[in-house]
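Structure at a glance
Next come the chains, spelled out residue by residue.
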Amino acid sequence: MKMKSFFWDKVPDARLAGSVWQGFSAADWVDFDQIEELFQQAVRNKTERSAVAPKQTNLLDLKKCTAIGIRMARLKVPWPDVGAAILALDPKAFAGADDIMTVQQCLPSEDEKGVLQGYLSSGKPLDKLSEAEQFVISLMRVPRASQRLRAMSLKFSVAEKVAEATAVFSVSEI
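Residues numbered from 1 in each chain as written. Predicted model: local features only at pLDDT ≥ 70, side-chain atom pairs only at ≥ 80, totals over all residues. Heavy atoms only, no water.

A surface patch of nonpolar side chains, about 720 Å² in accessible area, is lined by Met3, Phe6, Trp8, Phe32, Ile35, Leu38 and Phe39. Relative to the assigned elements, isoleucine 35 resides in helix α3 (residues 32-39). On the accessibility criterion, isoleucine 35 (35% relative accessible area) is partly exposed. (Patch = residues over 30% accessible without salt bridge, like charges linked within 9 Å, V, L, I, M, F, W, Y side chains within 5 Å. Areas by Shrake-Rupley, 256 points an atom, 1.4 Å probe, with all protein chains shown as cover. Salt bridge = Lys/Arg side-chain N within 4 Å of Asp/Glu carboxyl O. Helix = DSSP H or I, 4+ residues; strand = E, 2+ residues; numbered from the N terminus. Buried < 20%, exposed > 50% of the residue type's maximum accessible area, 1.4 Å probe, protein only.)

If you want it as structure tokens, here you go:
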């Protein structure tokens, strides 16, 4: 049975002379069965480890996936719905131009599109990919996603500029 490690120094018998512990023998006060029960190391099965951490396939750069994951967390709309919102040009799905810019930064480059397209054409399951890579694939499936996002961004920025101009002109009239 493997025991947990303790990090202390054993007191040599020579130093026990004249101490409180000199009068005790180990068998008098120590229940070794209880100590072994309390301090044994937990035994893990190999099947538990594989169930806890399923292996993921990484197609994109790890830094890029991390950055996309952070950007996904900022969005107020669930990431599976983003592709449909872009396709429908639905501005209600996004809080503002910042959300649109966040999604634009997640769009794949031509090289990344090639890698992801190769994975898709191989027929391998999408659930083996990270959520960031699945999100990029969902964006890749939207036709002309970049142009659609730019149009939605302009819609938000024009509305903001009109509101600013209205506020400036209404203040100057007073």
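Now for the environment of alanine 88. One can find alanine 88 in the loop between α6 (79-87) and α7 (97-105). Put simply, alanine 88 and valine 142 are 54 residues apart on the chain and 10.0 Å apart in space, counted from C-alpha to C-alpha.

Counted by the stated rule, this structure contains two salt bridges. The partner of lysine 64 in a salt bridge is glutamate 112, and the shortest N-O contact between them spans 3.5 Å. Residue lysine 64 is found in helix α5 (residues 62-74), and its partner glutamate 112 is found in helix α8 (residues 110-122); the two are separated by 48 residues along the sequence. A relative accessible area of 15% places glutamate 112 in the buried class.

Counting 31 residues, the largest nonpolar core has Ile68, Val82, Ile86, Phe94, Val103, Phe135 and Leu139 as its most contacted members. Listed by contribution, the elements that provide at least two residues to this core are α5, α6, α7, α8, α9 (131-140) and α10 (145-172). Top contributing element to this core by residue count: α9, with six residues. In contact with isoleucine 68, other than residues within four places in its own chain, are Cys106, Ala132, Phe135 and Val136. (Core = buried A, V, L, I, M, F, W, Y, C linked by side-chain atoms within 4.5 Å. Contact = heavy atoms within 4.5 Å.)

Every α-helical turn comprises 3.6 residues, leaving residues that sit three or four positions apart pointing alike. Counting buried positions along α9 yields eight of ten residues, so the element is predominantly enclosed. Among the residues of α9, Ala132, Glu133, Phe135, Val136, Ile137, Ser138, Leu139 and Met140 are the ones counted as buried.

Further remarks concern the confidence of the model for the protein. Detailed reading of predicted coordinates is not advised where the pLDDT is low. Of the residues in the protein, 89% have a pLDDT of 70 or more, and the chain-wide mean is 82. Mean pLDDT across the secondary structure elements of the protein bottoms out at helix α4 (residues 46-52), with 57, and peaks at α9, with 91. (pLDDT = per-residue confidence, 0-100.)

Looking now at the packing of α6 against α9. Each packed pair of helices is defined by two parameters, the angle between the axes and the distance between the axes. Running from amino to carboxyl end, α6 crosses α9 at an angle of 15°, the nearest separation of the two axes being 9 Å. Taken together, α6 and α9 sit at an angle that is classed as roughly parallel. Judged by the twist between their axes, the crossing of α6 over α9 is right-handed. Note on element contacts: α9 touches α6 through Glu131, Gln134, Phe135 and Leu139, opposite Trp79, Val82 and Ile86. Broken down by class, the residue content of the contact of α6 with α9 amounts to five nonpolar, one polar and one charged. (Axes fitted to C-alpha atoms, helices over the stretch in contact; angles between N-to-C directions. Parallel < 35°, antiparallel > 145°, perpendicular 65-115°, else oblique. Left-handed = near helix turned anticlockwise from the far one by under 90°. Nonpolar A, V, L, I, M, F, W, Y, C, P; charged D, E, K, R; others polar.)

In this section: the packing of aromatic side chains. Inspection of every chain in the model, using the stated rule, returns one aromatic pair. Consider the rings of tryptophan 79 and phenylalanine 135, whose centres lie 6.2 Å apart with planes at 85°: the pair is edge-to-face. With a gap of 56 residues between them, tryptophan 79 in helix α6 and phenylalanine 135 in helix α9 connect regions that are remote in the sequence. Taking relative accessible area as the criterion, phenylalanine 135 reaches 0% and is therefore assigned buried. (Phe/Tyr/Trp six-rings, centres within 6.5 Å; stacked < 30°, edge-to-face > 60°.)

This paragraph deals with the environment of proline 78. Structurally, the position occupied by proline 78 is in the loop between α5 and α6. Counting along the chain gives 15 residues from proline 78 to alanine 93, while the straight-line C-alpha distance between them is 9.4 Å.

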